[in-house]
Amino acid sequence: MPSGPSSADRVLELLALLHARGRLRVRDAALALDIAPSTAHRLLTTLVRHGFARRDVRHEYFPGTSATPAGGEPVDLAVVARPHLEALAAEVGETVHLMVLEGASARFVAVVEGGPARRVAPRVGLLMPAHLTSGGKALLAELTAEELRELYPRGLPLTPDAAGPAAGVLRRELAAIRRRGYARNVEETERGVSAVGACVREGRHRAVAAIVIAAPSSRARGRSLDRLSGPLLVTAAAVTAQLATRGRRHAAGSGTKGFRSTE
């Protein structure tokens, strides 16, 4: 009597489904693969642990930075973004990071250092409170009021020096970020360092990451910091456009609903 699909088969089926649909809830995965919700949750958690999927505050899963769709191109947002990050770092002469949202934190996933003058130390792999970083705030500004409440059910966590903003202050700041299109961090995560961050989007205009320019506050303060937003927004738009182009190419070649990368 033939046996049913193995766990490895299910994982591959789930990964293909994730790329075909772009995002999944546990219930959707269970129904599509005809498995128990507990099994679907376990498989999705496995994909997250190995970098093949990510989960957002909506409890939805989507492809991660390590994911490769069946028969398609490698899906690595950092690889797609790197030439653009390098060009931006060369243009502004400052350190440029790529960040993604992980729950209430923001993780640095790629870095390109700027010119030979005093720079900001690269932070790849580092996880910081999202509400204090420019990239994290840019991504938080994309969430609804309900999603923010779910993310911070007990209010904002205190920083080591208890200098973080109150929830009301953050809400007003996020509204300002949505109006101007980029976020600021003026020495909120490190004394002497300021930064600006803007979102990269893909698939239905969903924000998947943020590009950040970080510089010593001695060079980037007030209007000097805001002037960095021009090249930053141009670069974010260029990466967004490339993701859209890759998505259309992958969809045309595979017949799926389209390619989705990372959050």
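Let us look at the structure shown here. The structure presented is a predicted model; accordingly, all values stated were derived computationally and were not measured.

## As for the overall build of the protein
At step 1: Within the protein one finds 9 helices and 8 strands.
At step 2: Expressed as a percentage of the 263 residues in the protein, the buried residues total 47%.
At step 3: For the protein, the share of sequence-separated contacts (at least 6 apart) that also reach a separation of at least 24 residues comes to 60%.
At step 4: Carbon together with sulfur atoms contributes 55% to the accessible area of the protein, which is approximately 12,800 Å² in total.

## Topic: the sheet that holds strand β8 (residues 206-216)
At step 1: Spatially, the 6 strands line up as an open sheet ordered β5-β4-β3-β8-β7-β6, and their pairing is antiparallel. In the strand order of this sheet, the two ends are held by β5 (127-129) and β6 (183-186), each with one partner. Looking at each pair of strands side by side, their axes are set apart by 35 degrees on average, direction ignored.
At step 2: Bridge analysis of strand β3 (residues 95-102) against strand β4 (residues 105-112) gives 7 bridges, and the strand direction is antiparallel. Note on β4: the bridge partner recorded for V100 is R107.
At step 3: Contacts between helix α4 (residues 77-92) and the sheet are confined to β3, β4 and β8, with β4 contributing the most and set at about 65 degrees to the helix.

## Examining α4
One turn of the α-helix equals 3.6 residues, which is why residues spaced by three or four share an orientation.
At step 1: Taking 1.5 Å as the rise per residue, α4 with 16 residues should run 22 Å; its terminal C-alpha atoms sit 22 Å apart, in good agreement.
At step 2: At P83, α4 is deflected by roughly 35 degrees, the largest bend along its length.
At step 3: Of the residues making up α4, those classed as buried are L77, A78, V80, A81, H84, L85, L88, A89 and V92.
At step 4: Just downstream of α4 lies G93, where phi reads positive at about 70 degrees.

## Some words on the pattern of salt bridges
At step 1: Enumeration over the complete set of coordinates arrives at 8 salt bridges.
At step 2: For R201, the salt bridge is made with E142, and the minimal N-O distance between the two is 2.8 Å. Here R201 is found in strand β7 (residues 193-202), whereas its partner E142 is found in the loop between α5 (134-140) and α6 (145-151), with 59 residues between them in sequence.
At step 3: Using a relative accessible area of 26% as the deciding quantity, one classes R201 as partly exposed.

## Details of the packing of aromatic side chains
At step 1: Considering all chains together, one arrives at 0 aromatic pairs under this definition.
At step 2: Across the ring face of Y182, the terminal group of R180 is positioned such that the distance to the ring centre comes to 5.2 Å.

Calculation notes
Numbers given for residues are sequential positions, taken from 1 along each chain in its written order. Note on the predicted model: pLDDT of at least 70 is required for a residue's local features to be given, and 80 or more for side-chain atom pairs to be given and counted; whole-chain, interface and lining totals, by contrast, use all residues. With hydrogens and water set aside, each side-chain value is computed from the structure's full complement of heavy atoms. Elements are defined by DSSP. Helices are runs of H or I of four residues or more, strands are runs of E of two residues or more, and each kind is numbered from the N terminus. Accessible area is worked out with a 1.4 Å probe on protein chains only. A residue is then buried under 20% of its type maximum, exposed over 50%, and partly exposed in between. Whether two residues are in contact is decided by their heavy atoms: any pair within 4.5 Å suffices. Accessible surface is estimated by sampling points in the Shrake-Rupley manner with a 1.4 Å probe; for residues, cover comes only from the protein chains shown. For two strands to be treated as a pair, DSSP must find at least two bridges joining them. Simply put, an axis is a line fit to the C-alpha atoms, just over the touching stretch for a helix, and the angle between two N-to-C directions goes from 0 to 180 degrees. Given the number of residues in a helix, its expected span is that number minus one, multiplied by 1.5 Å. In this analysis the local bend is the angle between axes fitted, respectively, to the seven residues ending at and the seven residues starting at the residue. In the sections that follow, a salt bridge refers to a side-chain nitrogen of Lys or Arg positioned within 4 Å of a carboxyl oxygen of Asp or Glu. We call Phe, Tyr and Trp rings a pair once their centres come within 6.5 Å, taking the six-membered ring for Trp, and we label the pair stacked below 30 degrees between planes, edge-to-face above 60, and tilted otherwise. Note on criteria: charge over ring means Lys NZ or Arg CZ within 6 Å of the ring centre, with the direction from the centre no more than 35 degrees off the ring normal.

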